[in-house]
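Examining the three-dimensional arrangement
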Amino acid sequence: MPLQAFLLCADPDTVKTLAMELAKLDFAIEQARSPVEAFERLSQNRFDLIIVDDLDSESTALVLHGVRTGENNKRSFVIAVADPESTGVKAFRSMGANLLMYRPITPDRAATSL
């Protein structure tokens, strides 16, 4: 059974790049474009890897909090994607992320990080 990855991202280029690299690593991928959709799926299903975009969004912070306090995904590995100048960068660990990837997400950057 392949590993399960969940991606919360609205940017099509980032989604395409991450999906391509995750597929190379045999991850099955589910995607949500909104925090509301993500919160619902994450509360119902277990994922090995969760990637969230937009650390400056209050909704994204709530999704991360839900991941870490819920039963299904509190042990999942969480990657946050952000702009280097993002205010959320300083707090990404306190939000529950294990790793931070800076935008733009290129194939090389994604491959190295994953």
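See the structure printed just above.
First things first, this report covers the structure right here in the doc. Being a predicted model, the structure only gives us computed values, none of them experimental.

This brings us to the nonpolar core. Counting 20 residues, the largest nonpolar core has Phe6, Leu8, Ala38, Leu42, Ile50, Leu55 and Leu100 as the members making the most contacts within it. With sequence-adjacent residues up to four places away left out, Ile50 is seen in contact with Phe6, Leu42, Val67, Asn73, Ser76, Phe77, Val78 and Ile79.

Looking now at the pattern of salt bridges. What the rule picks out here adds up to seven salt bridges. The salt bridge involving Arg41 is made with Glu37; its shortest N-O contact spans 3.2 Å. With Arg41 and Glu37 both in helix α2 (residues 35-44) and four residues apart, this pair spans about one turn of that helix. Arg41 gets classed as partly exposed once you look at its relative accessible area, which sits at 23%.

Taken in spatial order, the five strands line up as β2-β1-β3-β4-β5 in an open sheet, and their pairing is parallel. Two strands in the sheet have a free side with no partner beyond their single neighbour: β2 (27-32) and β5 (99-102). Neighbour-to-neighbour, the strand axes of the sheet open up by a mean angle of 20 degrees, direction not taken into account. In this sheet, strand β4 (residues 77-82) lies alongside strand β3 (residues 49-53) in parallel orientation, the contact comprising five bridges. Bridge pairing links Ile50 to Val78 in β4.

Before going further, it helps to spend a moment on helix α1 (residues 12-24). For α1, which comprises 13 residues, the first-to-last C-alpha distance of 18 Å matches the rise-based estimate of 18 Å (1.5 Å per residue) to within 8%. Those residues of α1 that sit buried are Thr14, Val15, Thr17, Leu18, Glu21 and Leu22. Contacts from the buried residues of α1 go to β1 (3-8), β2, β3, β5 and α4 (107-113). Positive phi shows up at Asp26, right after α1, with a value of about 65 degrees.

Thresholds, definitions, all that
Residues numbered from 1 in each chain as written. Predicted model: local features only at pLDDT ≥ 70, side-chain atom pairs only at ≥ 80, totals over all residues. Heavy atoms only, no water. Core = buried A, V, L, I, M, F, W, Y, C linked by side-chain atoms within 4.5 Å. Buried < 20%, exposed > 50% of the residue type's maximum accessible area, 1.4 Å probe, protein only. Contact = heavy atoms within 4.5 Å. Salt bridge = Lys/Arg side-chain N within 4 Å of Asp/Glu carboxyl O. Helix = DSSP H or I, 4+ residues; strand = E, 2+ residues; numbered from the N terminus. Pairing = 2+ DSSP bridges. Axes fitted to C-alpha atoms, helices over the stretch in contact; angles between N-to-C directions. Expected span 1.5 Å × (residues − 1).

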